[in-house]
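# An overview of the molecular structure
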Amino acid sequence: MSDLVEGYLGKTEEGKKSRLPAKLDFIQSFTGGFLALFMWAHMMLVASILVSNDFMYQVTKLLEGSFIFEDGNPLLVSIAALVIFIIFIVHAALGMRKLPGNFKQYQVIKAHAKSMGHDDTKLWFIQAYTGFAMFFLGSVHLYIIMTHPDQIGPYESSARVWEEYMWPLYILLLLAVEFHGTIGLYRLCVKWGWFDGANPRATRKALKKLKWALTVFFLVLGFASLAAYMKIGYENSKNNIPRDSFKPSAHIINYNLKAKSIGGLA
């Protein structure tokens, strides 16, 4: 009953102002900031394919705990994806509190934003739209990672992107993530006044420029990485190269050395 009272009146049964909205806002900010930083780190790991197939393979094995388990354990990737998925759902659920509940409310908010012509309000709309898209696109991606953790690598990931026609989804997801994430971090800095300094207005302008610079950087990096996976997937499909046939150079060299040694002894 106390939850109902707080929900309807914004006050506790004792008549005190409820602190629940502030707590929920803090959780939303924390989960959003964590996910945005995680996605930047994730993008850097995905972009390892731009260095080489071998480097991407080593990154994959590192994430599978190859420093603990021999050849790594894909279960660690599933567990990590599950944790991210839970945080993702919590953040999405809390974010829905700020969205209009019906079309009439949406019209009121849109008309109000148009009359103000405020840039930060426009950014909020972009964040709302991209957040809605991410709820579906991100869920698909995370489910695939959770259920197929052993199919991550230079050839496996490329086959998923090209042969399974996942590249259109990844294009939309990339756009949604990078716009939503950078706008979210910008709005967190403004909301909590982390870098206000002596001149908050000048700081906000600087933060907005940094936000757009980061958006462009990660979009370029993301599309370059996606293009690399598509190229590898296309070439492997054309040449009938199995997705599970990738062998890192170190293994090939080691195999050749062993073969020469056996041949010499014979």
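All figures in this text were calculated on a predicted structure; none of them were measured in a lab. (Residues numbered from 1 in each chain as written. Predicted model: local features only at pLDDT ≥ 70, side-chain atom pairs only at ≥ 80, totals over all residues. Heavy atoms only, no water.)

Applying the stated criterion across every chain yields a total of 9 salt bridges. For D25, the salt bridge is made with K98, and the minimal N-O distance between the two is 3.1 Å. Residue D25 is found in helix α2 (residues 20-46), and its partner K98 is found in the loop between α4 (75-95) and α5 (103-116); the two are separated by 73 residues along the sequence. Judged by its relative accessible area of 19%, D25 falls in the buried class. A relative accessible area of 37% means that K98 is categorised as partly exposed. (Salt bridge = Lys/Arg side-chain N within 4 Å of Asp/Glu carboxyl O. Helix = DSSP H or I, 4+ residues; strand = E, 2+ residues; numbered from the N terminus. Buried < 20%, exposed > 50% of the residue type's maximum accessible area, 1.4 Å probe, protein only.)

The next subject is the packing of aromatic side chains. Applying the stated criterion across every chain yields a total of 13 aromatic pairs. Each ring, one from Y57 and one from F246, has its centre 5.6 Å from the other, and the planes form 50°; the classification is tilted. Placement of Y57 in helix α3 (residues 53-63) and of F246 in the loop between α9 (200-238) and α10 (249-265) is noted, with a sequence separation of 189 residues between them. Take Y57: its relative accessible area is 17%, and that puts it in the buried class. Consider the rings of F132 and F136, whose centres lie 5.3 Å apart with planes at 70°: the pair is edge-to-face. (Phe/Tyr/Trp six-rings, centres within 6.5 Å; stacked < 30°, edge-to-face > 60°.)

Let us look at the nonpolar core. Counting residues in each nonpolar core, the largest one holds 24 residues, and the members touching the most others are I49, V161 and Y170. Elements with a contribution of two residues or more to this core: α3, α4, α6 (119-147), α7 (154-162), α8 (167-192) and α9. Excluding residues that lie within four positions of it along the chain, V161 makes contacts with M166, W167, Y170, L226, Y229 and M230. In terms of nonpolar packing, the next biggest core, distinct from the first, is built from 10 residues, L174, L188, F218 and L221 among them. (Core = buried A, V, L, I, M, F, W, Y, C linked by side-chain atoms within 4.5 Å. Contact = heavy atoms within 4.5 Å.)

With respect to the helices and strands, N236 occurs in helix α9. Since its relative accessible area comes to 9%, N236 is described here as buried. The contact partners of N236, leaving out residues within four places of it in the chain, are Y155 and I241.

For the rest of this paragraph, the subject is the UniProt feature "binding site: heme b" (unreviewed entry) in the chain. In the numbering adopted here, UniProt assigns the feature "binding site: heme b" (unreviewed entry) to H42, H91, H141 and H180. Mapping H91 onto the fold places it in helix α4. Take H91: its relative accessible area is 18%, and that puts it in the buried class. Ignoring anything within four residues of it in the chain, the contact list for H91 reads Q28, T31, G32, L35 and H180. For H91, the side chain forms a polar contact with the main-chain nitrogen of G32, separated by 3.3 Å. By the element assignment, H141 lies in helix α6. Setting aside anything within four residues of it in sequence, one finds H141 in contact with H42, Y170 and L173. (UniProt positions renumbered as here; feature names shortened; annotations may be inferred. Polar contact = N/O pair within 3.5 Å; in protein donor to acceptor, adjacent residues only side chain to side chain.)

This part is about unusual backbone geometry. Positive phi values are uncommon outside glycine, yet D71 reaches one of about 65°. Within the secondary structure, D71 sits in the loop between α3 and α4. Under the relative-accessibility criterion, D71 is labelled exposed at 51%. Here the phi dihedral of Y165 falls at roughly 55°; this positive angle occurs in a residue that is not glycine. Relative to the helices and strands, Y165 is located in the loop between α7 and α8.

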